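# Close look at the chain arrangement
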Amino acid sequence: MSLLELKNVSKIYGELHALDDVSLAVEKGEWLAIMGPSGSGKSTMMNIIGCMDKPSKGEVLLDGVDIAKENAKNLTNIRRDKIGLIFQQFHLVNYLNALENVMLAQYYHSIPDEKEALEALERVGLLDRAKHLPSQLSGGEQQRVCVARALINHPEIILADEPTGNLDDSNEETVVELFRVLHEEGTTLIVVTHDPEVADVAQRKIVLRNGRIAKQTVNANFTGHIRFEV
Amino acid sequence: MITASLMRRRSRMIVALLAIAIGATILSGLVTIYYDVPRQMGAEFRNYGANMIIAPVEEGFTDKAFEEGIACIADEDLVGATPYRYETVRIHEQPLMAAGTEFESAKKTSPYWLVDGDWPSSGFELMIGNNIAENLQIKPGETVSVRYEKESGDSEEVSNEVDFTVTGILSTGGSEEDYVYMALSDMEELTNEKGTLDLAELSVSGGSEKLNAYADKINSGAYGYDARLVKRVTASETTVLSKLQALVLLVTVIVLALTMICVATTMTAVVTERRREIGLRKAIGASDASIIKEFMGEGMMLGAVGGILGSFVGFLFAQAVSVNVFSSSISFRPLLVPITIIVSIAVTAIACLFPIRSATAVDPALVLKGE
Ligand SMILES: Nc1ncnc2c1ncn2[C@@H]1O[C@H](COP(=O)(O)OP(=O)(O)OP(=O)(O)O)[C@@H](O)[C@H]1O
Ligand SMILES: [Mg+2]
């Protein structure tokens, strides 16, 4: 059984089919990239997988549970326990320092554990920035704090919507490298991106167009390392 | 976590805190005034004052008629009966109205008279009204010479001068402050004329029916005077006090309502400002309950701190008002501290309800979307 399975999922806003009868299976430990033009339904799909939105039609099975049928409270719990989120705009709490931002995720999940949170920051190479406020961190550093926050509770899936959209190449590389390590540890990754280089690192790539899967490609020579075209 | 969040968003919170502190100040201050001022002023008001007046039909009446009249009233119902006789006298060459009375019963019929010094207790002692004392610069303990001259008329002329010791200065806030008071017997000696009276004040216990019956009985005796009922000083003063209290209560309620509005506005602004953060918190797993807990925690903490500040500043405020307006100091009421704190917390909690509802309604998917 796949970890995640979308069966004929549609999301309809009035006349608009943001997702139109999409079916997709994601295996445990897989690294999937989603591409597609603006408005093609990428974020809509991520929100549904991330339990922040419900489909208008279809089933979304996460660990065999149809999250399309769960109530808001259960969705919050599933999101908290199984999903790690990374955003293009980072969304760090601006009055909490890096460490506290990571601990915030622990706080809602279980209990804050400073040692563990520091270890997570160490993994993303920000141990020495633990007491810095987001405003005192560069964009790349902020996104690394987000990665630390997303992985702190050991989620089954990490969902990243345009994680490198606001980053330069070197920061992009750092973040992709973090994904590679997470992938090696068995974390399932779904990454929405406009950037072909980021998409090409993944094991599999799907392209959405007008709410439908227009193309699927499997990366035959997957290494997990980013290759920049020179 | 809550304190950190409060500390780093100081400016916004200071506004809310200030509102709560001011609200709590007014609350504890006015409640202190509400309870303390009547207690202090009311002690005297609670005693019975005169509620019946005997006034001559034409010109004066005799003390014999007075005795007979008050004999109509049962002993147990008669709290006090004070005769007054008025004559013009001169002190320091100033013509003044002197009242001859019986001080022991005047104490009963005019319990609210405030005497600086002592009431006269033996012969040839004077109590003078505050206005006169101020005009003539007379202090208790001084001896003054009182001169009486009877205008030339049919009977023989009298001109007499006697030394009196001033024992006290009378303050009532009324016309009594323009009179000089001496014992009736002293006045009779000064004027060399006995047995006449101009007025009497009676304090009679009982309801208005009983009082009316007594007045009718006295009037039917045709003693040459009328008995009239007057509203007790107490009654009207208590009404004033209770109106004052109602006003204080009203102001307190309004101030609390304003505080609530201010806190609600601030919290709504805070929630709006932090929509993204709330969405983020929800996205990483915050339940509605924990969002409510967090904002309520913040609100109630503000309420508690504001309440603590307010209950102490409020006492100082009440003290200042009391000293300046009522010229009496008040005692600190420890019970008011927890009450003020609890009310502040309750007010903030209620004020937070609506903003918190809008916080739980935040949709993370919507607010976390890109700019
Ligand atoms: N809440 C909403 N109400 C109505 N329409 C919506 C809503 N959310 C998204 N849409 C529409 O659904 C379509 C898909 O939106 P979505 O955000 O999934 O696009 P996307 O692929 O993430 O685009 P981008 O690359 O610009 O982020 C768009 O046409 C958008 O206008
Ligand atoms: Mg998008």
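Keep in mind that this is a model prediction, so the values were computed, not measured. (Residues numbered from 1 in each chain as written. Chains lettered and ligands numbered in written order. Predicted model: local features only at pLDDT ≥ 70, side-chain atom pairs only at ≥ 80, totals over all residues. Heavy atoms only, no water.)

### A few points about the site of ligand 1
The full set close to ligand 1 counts 13 residues, and Ser38(A), Gly39(A), Lys42(A), Ser43(A) and Thr44(A) are the nearest of them. Mapping the residues adjacent to ligand 1 onto the chains of the assembly identifies chains A and B. Contact distances for ligand 1 include 2.4 Å between an oxygen atom and a side-chain N or O atom of Ser38(A). Within the complex, the protein chains bury 67% of what would otherwise be the 640 Å² of accessible surface of ligand 1. Contributing elements (two or more residues each) for the shell around ligand 1: strand 2 (16-26) and helix 1 (42-49) of chain A. Tallying contributions element by element places helix 1 of chain A first for the shell around ligand 1, with three residues. The class makeup of the residues in the shell around ligand 1 is four nonpolar, seven polar and two charged. (Near = heavy atom within 4 Å. Polar contact = N/O pair within 3.5 Å; in protein donor to acceptor, adjacent residues only side chain to side chain. Areas by Shrake-Rupley, 256 points an atom, 1.4 Å probe, with all protein chains shown as cover. Helix = DSSP H or I, 4+ residues; strand = E, 2+ residues; numbered from the N terminus. Nonpolar A, V, L, I, M, F, W, Y, C, P; charged D, E, K, R; others polar.)

### Overview of helix 9 (residues 275-283) of chain B
All names here are of chain B. The element helix 9 is largely enclosed, with a buried count of seven among its nine residues. Of all the positions in helix 9, only Glu277, Ile278, Gly279, Leu280, Arg281, Lys282 and Ala283 are classed as buried. In the segment just after helix 9, Gly285 is the residue with positive phi, at about 115°. (Buried < 20%, exposed > 50% of the residue type's maximum accessible area, 1.4 Å probe, protein only.)

### Details of the sheet that holds strand 6 (residues 83-87) of chain A
Paired through backbone hydrogen bonds, the strands of a sheet run either parallel or antiparallel to each other. All names here are of chain A. Across the sheet, which stays open at both edges, the six strands sit in the order 6-7-8-3-9-10 with mixed pairing between neighbours. Strands with a single pairing partner mark the edges of an open sheet, and in this sheet they are strand 6 and strand 10 (212-218). Averaged over all pairs of adjacent strands, the angle between their axes in this sheet comes to 15°, without regard to strand direction. Bridge count between strand 7 (residues 157-161) and strand 8 (residues 188-192): five bridges; the pairing is parallel. Along strand 8, the bridge assignment pairs Ala160 with Val191. Across the sheet, helix 5 (residues 139-151) lies against strand 6 and strand 7, angled at about 170° from strand 6, the strand it touches most. (Pairing = 2+ DSSP bridges. Axes fitted to C-alpha atoms, helices over the stretch in contact; angles between N-to-C directions. Contact = heavy atoms within 4.5 Å.)

### Notes on the interface of chain A and chain B
With 20 residues of chain A at the interface, the matching set in chain B holds 24 residues. Here chain A meets chain B over a buried area of about 2,100 Å², counting both sides, of which 63% is carbon and sulfur. Broken down residue by residue, the surface that chain A buries against chain B is led by His91(A), Tyr95(A) and Tyr108(A), which jointly contribute 35%. Scanning the region where chain A abuts chain B turns up zero salt bridges. The interface formed by chain A and chain B holds eight residue pairs in polar contact (both at pLDDT 80 or more) in total. (Buried area = accessible area lost by both parts, 1.4 Å probe. Salt bridge = Lys/Arg side-chain N within 4 Å of Asp/Glu carboxyl O.)

### Some thoughts on the pattern of salt bridges
What the rule picks out here adds up to 25 salt bridges over all chains. For Lys115(A), the salt bridge identified is with Glu119(A), shortest N-O distance 3.7 Å. Remark: Glu119(A) and Lys115(A) occur in helix 4 (residues 114-123); sequence separation between them is four residues, near one turn of the helix. Note on Lys115(A): relative accessible area 60%, which makes it exposed. Where Lys107(B) meets Glu104(B), a salt bridge forms, and the shortest distance between an N and an O atom there is 3.4 Å. Here the residue Lys107(B) and the residue Glu104(B) both occupy positions in helix 4 (residues 103-109), the gap between them amounting to three residues, near one helical turn. Residues joined in a network through salt bridges with shared partners are Arg274(B), Glu277(B), Arg281(B), Glu294(B) and Glu298(B).

### Let's talk about the packing of aromatic side chains
Residue and element names in this part refer to chain B. Taken as a whole and assessed by the stated rule, the structure comprises 14 aromatic pairs over all chains. When the centroid spacing of 4.9 Å and the interplanar angle of 85° are considered together, the rings of Phe315 and Phe332 count as edge-to-face. One end of the pair, Phe315, is in helix 10 (residues 288-325); the other, Phe332, is in the loop between helix 10 and helix 11 (336-360), with 17 residues separating them in the sequence. Given the relative accessible area of 15%, Phe315 is considered buried. Counting every residue linked through ring pairs, the aromatic cluster contains Tyr84, Tyr86, Phe103, Trp113, Trp119, Tyr179 and Tyr181. (Phe/Tyr/Trp six-rings, centres within 6.5 Å; stacked < 30°, edge-to-face > 60°.)

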